[in-house]
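Take a look at the letters that make up each chain.
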Amino acid sequence: MTETERIHQLRKELHAHNHNYYILNAPTISDQEFDRLMRELQDLEAKHPELYDENSPSVRVGSDLNKEFRQVEHRYPMLSLGNTYSETEVTEFYERVRKSLNEDFEICCELKFDGTSISLTYEDGRLVQAVTRGDGVRGDDVTDNVKTIRSIPLMLQGTGYPKSFEIRGEILMPWKVFEELNRERELKEEPLFANPRNAASGTLKSQNSAVVASRKLDAYLYYLLGEDLPHDGHYENLQEAAKWGFKVSSHMRKARSLQEVFDFINHWDTERKNLPVATDGIVLKVNSQRQQRNLGYTAKSPRWAIAYKFQAERALTRLEKVTYQVGRTGAVTPVANLTPVQLSGTVVKRASLHNADIIASLDLHLGDMVYVEKGGEIIPKITGVDLASRPAGSGKVTFITNCPECGTRLVRYEDEAAYYCTNESTCPPQIKGRIEHFISRRAMNIEGLGPETVDQFFQEGMIHDAADLYSLQAADICRLERMGQKSAENIIRGIERSKQVPYERVLFALGIRFVGETVAKKVARAFPSIDKLEAATLDDLIHVDEIGEKIARSILHYFHDEKNKTLVGRLREAGLQMEAAEEDTSGHTDRLQGQSVVISGVFARHSRDEYKTLIEKHGGKNVGSISKKTSFILAGENMGPSKLEKAGKLGVRIVSEDEFLEMIGE
Ligand code: IVH
């Protein structure tokens, strides 16, 4: 067999294995065997760029080619559905359909998947385009990202599919994948996704299809469109689509009476909790396309379909008391303490009340029975009060006037919803909060220390600010409860090591308001030492790219305060980095002066990051995507097929790892 034939054979086999695994849940080979075949294909494809196929199963691994999404007009607009939460309106819908059609009809009952909708176009059995809903008329072309989703077929199976058609459905992140992703993000101190829907749509819009590939998205298809579909029935068409390799829900049912519709709704209202993906309701569709055409559309949605949404899960429980948390900036957040109650799989004891305005608008009283919901956010919220069960004579919840921790009178700044405690210097949670921020992973990253230890040190009077950490002795720490010699030494070592943390992170660690990680980097580049920053005027500051007046004033305010100046002085004394490190210019040349280099593939001699540094060291620039201006591509093994194709089209030179090292004289 020639290599060309082998490539074709491998592609066909791998498409079939994908289908067995992701659609039928019945793999016929082991994962290792699958990976081996995939590697063989990738190797052969790298050797034969002329056989490039944009629908090869190898595109499933994605590429890090930067792309901005092209806007595409939908061939058929992507309408939404009329929504209802009311059973009466479902009955009214059914009756309207019955009267208008005046003949027998069937209703196809389906789950309403809660993800992000997608429209796929197939031509001659190949996926050619995937577009998001967008505004319904135009959406984003996310084809490359969608190709990494294993349950979406790149090539269809079987026969009988129309030459050209669209199929629409929902891209979802299964609960399990979502929980795992958030666990990882929590560890990395990255912001969490509020729900699987946000995670799925965020992922789908990622600029990096390799990220999409790693996120394990799934997809259910629920709507086939085209001129020459096999059947008149929507349900029957989807059963055909399943044979072509699409993932179609096995829970679709045809109902022949209103009673059967309600049986379906009632069954799934509870049963949906056992599904692997999120659903938020039921979709009811008149099954016959001929009848659908008869019923037609309103301006916004079809008259032949309706969505019945499940009530968001909520629980009724008692508000026991309201407590107040003071953050490191002094902002005071009210927290509702509740009688513990079960809600969507977890026990809820507390809910955020956000601010004074929300308490007032709910007209909360202590002892009230309140409704809690898990909305879009991670922390549940109170959405209402059951006034009928309000205990007689119960007191209205009024926002505190003084700091619960230090007694200072609270203030409210113009344009802000929050109340603040202004006692920065002696209010304990503010002090502890600042130290906790200082030691956190993204700031000084002091290993062995956490909020509990900070609290313990603070209670014992050992620390009052971040600088105090640097005069701690192992012997003092050992004396504390639950502290052994080992952990004490560990903490001291962590503190010692933090002295090497670069200046930009020290800046972030100081906790100047509005100076987050990214701003800290920008500030550090513009003012490469803390002395220069301290000497900067408002004008100097706002001239820095992306630093507005709010940030500038906050920096000025920080250095205006003698206490902060003293703290910075003591941190400097302790040996922290208060200047940007001198760049190491040894070994720099101008061999790549003015050249734009794209890095692609996997390398044997250095990591990608090292190659990036090498390019810069020799005067070149590492760029993300291939264009006419690209000087050459530094290509390792398994360069992505889309990059290969683009390089070929634009005539950009491909340089191997060894050639490159020779170029820069290594
Ligand atoms: S049919 C014209 N079926 O719900 C009818 N939609 O507002 C097209 N959805 O944007 C949609 N599950 O994202 C249909 N089984 C299902 C669905 C479903 C979820 C979503 C879809 C659509 C929205 C309706």
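This text follows the structure it describes.
Residues numbered from 1 in each chain as written. Predicted model: local features only at pLDDT ≥ 70, side-chain atom pairs only at ≥ 80, totals over all residues. Heavy atoms only, no water.

A.B. asks: Got a sec to walk through the pattern of salt bridges? Specific residues and values, please.
C.D. replies: A full pass over the atoms with the stated rule returns 41 salt bridges. Glu 447 serves as the salt-bridge partner of Arg 497, at 4.0 Å between the closest nitrogen and oxygen. One end of the pair, Arg 497, is in helix α15 (residues 485–497); the other, Glu 447, is in the loop between α12 (428–439) and α13 (451–459), with 50 residues separating them in the sequence. In this structure Arg 497 comes out as partly exposed when scored by relative accessible area, which is 49%. (Salt bridge = Lys/Arg side-chain N within 4 Å of Asp/Glu carboxyl O. Helix = DSSP H or I, 4+ residues; strand = E, 2+ residues; numbered from the N terminus. Buried < 20%, exposed > 50% of the residue type's maximum accessible area, 1.4 Å probe, protein only.)

A.B. asks: Got a sec to walk through the environment of Met 1? Specific residues and values, please.
C.D. replies: Considering the arrangement of structural elements, one finds Met 1 in the segment before α1 (3–23). It is 63 Å that separates the C-alpha atoms of Met 1 and Gln 342, two residues lying 341 residues apart in sequence. If we ignore the near neighbours within four places in the chain, the residues touching Met 1 are Arg 6 and Gln 9. (Contact = heavy atoms within 4.5 Å.)

A.B. asks: Describe in detail the site of the ligand, supporting the description with residues and values.
C.D. replies: In the vicinity of the ligand lie 13 residues, with Leu 81, Glu 110, Phe 113, Glu 170 and Tyr 222 positioned nearest. Tyr 222 places a side-chain nitrogen or oxygen 3.1 Å from an oxygen atom of the ligand. Bound to the protein, the ligand loses 90% of the 520 Å² it would expose on its own. Among the secondary structure elements, those contributing two or more residues to the shell around the ligand are β3 (107–113), β8 (218–225) and β10 (279–286). Grouping the amino acids of the shell around the ligand by side-chain chemistry returns 7 nonpolar, 2 polar and 4 charged. (Near = heavy atom within 4 Å. Polar contact = N/O pair within 3.5 Å; in protein donor to acceptor, adjacent residues only side chain to side chain. Areas by Shrake-Rupley, 256 points an atom, 1.4 Å probe, with all protein chains shown as cover. Nonpolar A, V, L, I, M, F, W, Y, C, P; charged D, E, K, R; others polar.)

A.B. asks: Any chance you could break down helix α8 (residues 234–243) for me, citing the residues and the numbers?
C.D. replies: Taken residue by residue, α8 has His 234, Asn 237, Leu 238, Glu 240 and Ala 241 as its buried positions. On an axial view of α8, the arc spanned by its buried residues comes to 155 degrees, and they lie on one face. Elements that come into contact with the buried residues of α8 comprise β3, β7 (164–172), β8, β10 and α10 (289–295). Just beyond α8, the residue with positive phi is Gly 245, at close to 115 degrees. (Arc of directions from axis to C-beta.)

A.B. asks: I'd love a proper account of the state of the cysteines, names of residues and values included.
C.D. replies: Two cysteines joined by a covalent bond between their sulfur atoms form a disulfide. A full pass over the atoms with the stated rule returns 0 disulfides. The thiol sulfur of Cys 427 is not disulfide-bonded, and the nearest other cysteine sulfur, from Cys 403, lies at 3.8 Å. (Disulfide = S-S within 2.5 Å.)

A.B. asks: Requested: an account of the sheet that holds strand β22 (residues 653–656), with residues and values cited.
C.D. replies: If you walk across this open sheet you meet the 4 strands as β20-β19-β21-β22, and the pairing is parallel. With one partner strand each, in any of the chains shown, β20 (621–623) and β22 form the two edges of the open sheet. The sheet shows a mean angle of 35 degrees between the axes of neighbouring strands, taken without regard to direction. Pairing geometry for strand β21 (residues 632–635) and β22, over 4 bridges, is parallel. Looking at β22, one finds that Leu 634 is bridged to Val 655. Sitting on the sheet, helix α22 (residues 608–617) touches β19 (596–600), β20 and β21, and the angle it makes with β19 is about 170 degrees. Its contacts with the sheet place helix α23 (residues 641–650) against β19, β21 and β22, and it is angled at close to 150 degrees to β19. (Pairing = 2+ DSSP bridges. Axes fitted to C-alpha atoms, helices over the stretch in contact; angles between N-to-C directions.)

A.B. asks: Can you lay out the sheet that holds strand β9 (residues 253–255) for me, pointing to particular residues and giving the numbers?
C.D. replies: On the basis of which strands lie adjacent, the open sheet formed by 5 strands has the order β2-β11-β10-β3-β9 and mixed pairing. The sheet is open, and its two borders are formed by β2 (83–84) and β9, each paired with just one other strand. Summarising the sheet, β2 and strand β11 (residues 305–309) pair through 2 bridges and their orientation is parallel. The residue bridging Thr 84 from the neighbouring strand is Tyr 308, located in β11. Packed on one face of the sheet, helix α3 (residues 87–101) meets β2, β3, β10 and β11 and runs near 170 degrees to β11.

A.B. asks: Which residues make up the side chain of Asp 218, and what are the values?
C.D. replies: Considering the arrangement of structural elements, one finds Asp 218 in strand β8. For Asp 218, the side chain forms a polar contact with the side chain of Lys 247, separated by 2.9 Å. Leave out the neighbours within four places in its chain, and Asp 218 touches Ile 149, Ser 151, Glu 170, Ile 171, Leu 172, Pro 174 and Lys 247.

A.B. asks: Can you explain the packing of α1 against helix α2 (residues 31–47)? Please cite residues and give values.
C.D. replies: The interhelical angle for the contact between α1 and α2, taken along N-to-C directions, is 145 degrees, at an axis separation of 10 Å. Considering only the axes of α1 and α2, their crossing is left-handed. On α2, the residues that touch Glu 3, Arg 6, Ile 7, Leu 10, Arg 11, Glu 13, Leu 14, His 17, Asn 18 and Tyr 21 of α1 are Asp 31, Phe 34, Leu 37, Met 38, Glu 40, Leu 41, Leu 44, Glu 45 and Lys 47. Residues that form the contact of α1 with α2 fall into these classes: 9 nonpolar, 2 polar and 8 charged. (Left-handed = near helix turned anticlockwise from the far one by under 90°.)

A.B. asks: Got a sec to walk through the pairing of β21? Specific residues and values, please.
C.D. replies: The alternating pattern of β21 places Phe 632 and Leu 634 and Ile 633 and Ala 635 on opposite faces, both of which are buried. Of the pairings in the sheet, the one linking β19 to β21 comprises 4 bridges and is parallel in character. Bridge pairing links Val 597 to Phe 632 in β21. This β-α-β element, β21 to α23 to β22, shows right-handed connectivity. (Right-handed = clockwise from strand over helix to strand, strands pointing away.)

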